[in-house]
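Take a look at the letters that make up each chain.
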Amino acid sequence: MSLRDAQRRIPPVHRFFSDPRIAAYETLLGHENVKSVVAAVLDRARGDGAIPDYDALSTVVLSDLSQEAAETLRPLINATGVLLHTNLGRAPISQTAWEAATESTTGYSNLEYDLAEGRRGSRYSRVSALLVELTGAQDAIVVNNCAAAVVLILDTFARAREVVIARNELIEIGGEFRLPDVFARSGAILVEVGAANKVYLRDFERALNANTALLFRSHLSNFRLSGFTERVSSADLAAFGARVGLPVVEDLGSGALIDFKRFGLPHERTVPEAVRDGVDLVAFSGDKLLAGPQAGIIVGKNAHIARLRENPLLRALRVDKVTIAVLQETLALYRSEDTLRKIPLFAMLSASLEDLHSRARRYVASLPFIEAVSAQSYVGGGTFPEASVPSVAIAVPDPAGNLHADLRGRTPPIVARLDAGRALLDLRTIAPHDDETVIEALKAQT
Ligand SMILES: *Cc1c(COP(=O)(O)O)cnc(C)c1O
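Just so we're clear, the structure is a prediction, and the values are computed from it rather than from any experiment.

Participant: What am I meant to see in the overall build of the protein here?
Facilitator: Check the secondary structure of the protein and you find 21 helices and 18 strands. Each principal axis of the C-alpha atoms in the protein carries an extent, and together these give about 90 × 50 × 45 Å. For the protein, with 446 residues in total, the buried portion stands at 48%. The long-range fraction of contacts in the protein, counting pairs at least 24 apart against all pairs at least 6 apart in sequence, stands at 74%. Carbon and sulfur atoms make up 50% of the accessible area of the protein, which amounts to about 21200 Å² in all.

Participant: Would you mind showing me how to read the packing of aromatic side chains here?
Facilitator: Between two aromatic rings, the relevant description is the distance of the centres plus the angle of the planes. Tallied over the entire structure, the rule returns seven aromatic pairs. Between Phe263 and Phe346, the ring centres sit 5.7 Å apart and the planes meet at 5°, which makes this aromatic pair stacked. Here the residue Phe263 occupies a position in the loop between strand S11 (248-253) and helix H13 (271-276), and Phe346 occupies one in helix H18 (residues 344-350), the gap between them amounting to 83 residues. Per residue, the accessibility class of Phe263 equals that of Phe346, and both read buried.

Participant: Would you mind going over the site of the ligand with me for this structure?
Facilitator: Around the ligand, the surrounding shell consists of Arg90, Asn145, Cys146, Ala147, Ile173, Phe177, His219, Ser221, Asp251, Gly253, Ser285 and Lys288. Separating an oxygen atom of the ligand from a side-chain N or O atom of Arg90 is a distance of 3.1 Å. Against a free-state accessible area of 380 Å², the protein chains account for coverage of 93% of the ligand. With respect to the pocket detection grid, the ligand is positioned in the second largest pocket.

Participant: Help me out: how do you make sense of the pattern of salt bridges in this one?
Facilitator: Pairing between side chains becomes possible if they bear opposite charge and their charged atoms approach one another. By the definition in use, this model includes 27 salt bridges. The salt bridge involving Asp155 is made with Arg159; its shortest N-O contact spans 3.1 Å. Given the relative accessible area of 15%, Asp155 is considered buried. Through salt bridges with shared partners, a single network forms among Glu112, Arg120, Arg123 and Arg318.

Participant: Explain the pairing of S11 here, please?
Facilitator: In terms of burial, S11 is largely enclosed, as six of its six residues are buried. By the alternation rule, side chains of S11 split into Val248, Glu250 and Leu252 and Val249, Asp251 and Gly253, which are all buried. Relative to S11, strand S10 (residues 212-218) runs parallel, the two being bridged by four bridges. Residue pairing for S11: Ser218 is matched across the bridge by Asp251. Sheet analysis places S11 next to strand S12 (residues 281-285), joined by four bridges and oriented parallel. When the sheet's bridge partners are listed, Glu250 is paired in S12 with Val282. Taken together, S11, H13 and S12 constitute a β-α-β crossover, and its handedness is right-handed.

Participant: Whenever I open this one, the nonpolar core confuses me. Can you help?
Facilitator: Judged by nonpolar contacts, the single largest core of 91 residues is most densely connected at Phe204, Phe260 and Val299. The greatest single-element share of this core, amounting to nine residues, is contributed by helix H9 (residues 146-158). When residues of this core are assigned to domains, at least three map to each of domain 2 (77-90 + 345-444) and domain 3 (95-340). Setting aside anything within four residues of it in sequence, one finds Val299 in contact with Leu131, Thr135, Ala137, Asp139, Ala140, Val271, Val275, Asp280, Leu281, Val282, Phe284 and Ile305. Counting 23 residues, the second-largest nonpolar core is a separate cluster that includes Ile77, Ala351, Ile394 and Ile439.

Participant: Can you walk me through the sheet that holds strand S14 (residues 371-380) in this structure?
Facilitator: Strands in a sheet are paired, the pairing made by backbone hydrogen bonds, and the direction either parallel or antiparallel. Across the sheet, five strands lie side by side as S2-S14-S15-S18-S17; this open sheet has mixed pairing. Two strands close off the open sheet at either side, each with one partner strand: strand S2 (82-84) and strand S17 (417-419). The sheet shows a mean angle of 40° between the axes of neighbouring strands, direction not considered. Of the strand pairs in this sheet, strand S15 (residues 389-397) and strand S18 (residues 422-426) are connected by five bridges, and their pairing is antiparallel. Across the sheet, Ala393 pairs through a bridge with Asp426, a residue of S18. Running over the sheet, helix H19 (residues 353-366) touches S14 and S15 and is turned about 10° from S15.

Rules behind the numbers
- Residues numbered from 1 in each chain as written.
- Predicted model: local features only at pLDDT ≥ 70, side-chain atom pairs only at ≥ 80, totals over all residues.
- Heavy atoms only, no water.
- Helix = DSSP H or I, 4+ residues; strand = E, 2+ residues; numbered from the N terminus.
- Buried < 20%, exposed > 50% of the residue type's maximum accessible area, 1.4 Å probe, protein only.
- Contact = heavy atoms within 4.5 Å.
- Areas by Shrake-Rupley, 256 points an atom, 1.4 Å probe, with all protein chains shown as cover.
- Phe/Tyr/Trp six-rings, centres within 6.5 Å; stacked < 30°, edge-to-face > 60°.
- Near = heavy atom within 4 Å.
- Polar contact = N/O pair within 3.5 Å; in protein donor to acceptor, adjacent residues only side chain to side chain.
- 1 Å grid on protein atoms, 1.4 Å probe; cavity = no way out; pocket = protein on both sides within 12 Å on 5 of 7 lines; lining within 4 Å.
- Sits in = over half its atoms within 2 Å of the grid points.
- Salt bridge = Lys/Arg side-chain N within 4 Å of Asp/Glu carboxyl O.
- Pairing = 2+ DSSP bridges.
- Right-handed = clockwise from strand over helix to strand, strands pointing away.
- Core = buried A, V, L, I, M, F, W, Y, C linked by side-chain atoms within 4.5 Å.
- Domains from an automatic or database assignment.
- Axes fitted to C-alpha atoms, helices over the stretch in contact; angles between N-to-C directions.

Read these as geometric descriptors, not functional statements.
Structure representation (structure tokens):
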């Protein structure tokens, strides 16, 4: 067959669009994108001079489309039971907060405009006022993430100067955040004191000299000290700092504004507690236990926050209006118990076992081959490493992990957990409005 004959027999583009497997990608990627993927595959076939065959070509088109779809940021169903999954975007943002933020972000806003005075204002003023109200601190500032907050603090107070930290708090939390490396990059001189297990206040006392700039305390994140151990409490360190005239900084990481004991979890130190302990600056994340957008928040004493505001580095670490708006609207939901439940993390943690069992019954009634089993959900995000929340999961036999992979390939993708030859789908992290979608997916895949 001549090349010409082969080209004539290349199937027309519309033939691909009448294929439901290919047309399904249109809602996800848009008509134009699908068309260009088809066109590229046809171009390659023409170039190869191969004999075009619809089945072979459509297989290549489908594989390219699925690759393209996997690379697009899109929603998925988190059935892992890990509530703050860093790979899945940590805390889902409250729909209420998002909608409220839409108005001030899709039009113009008073982001840096003082309406009363008719002149330039501060982009942090409103969100700072809310943070002051909710934490009891004197002032607050917001940057990109907690890592940026720590860098800003070290750069402002301790460039080429010494920062004293307990040896048993020099942690790495993963994702390239290792305290010793962050100190080095910030130009601060790290002075570690005490032993790997025990550190006393007198260890801090002995380390002081004229070049000491800060006393630093870090949350242990998902590292646990147990056995023969001793840490210096924040309250003691804060009192000592005040006595010797050195600011005390606490990297709290997780940043709970409320006590998580109400969800049956162990007590987790809150930001208001750190403020009450007298710590001068407290740094924490916006998208961990606070359950808002990615942000790094610093609350503390007026004079210290004022110095942070004057650092030109703040300009490079500043957050955009979308983050400010979503953070502000999320914080506003903390003002009452009713609105607090509009934050997905708290709605998920508040779901009773009874609620989860009754949802599980719908799954079991629709699908004969599955069972509802007891499970444990984890908070994640480096918080509560040893604690879990009882939950209910749907268990489906999946000895080779095929179902687990197929669920990931669906639209929307469903990310489950593999456990002893079964795919487990934890109902605590599946939104109730997604139950029907998950049931349909299980019906189709099994
Ligand atoms: C999570 C965490 C950080 C980093 O927070 P990001 O907002 O992800 O930058 C820093 N310190 C501690 C103790 C943490 O737990």
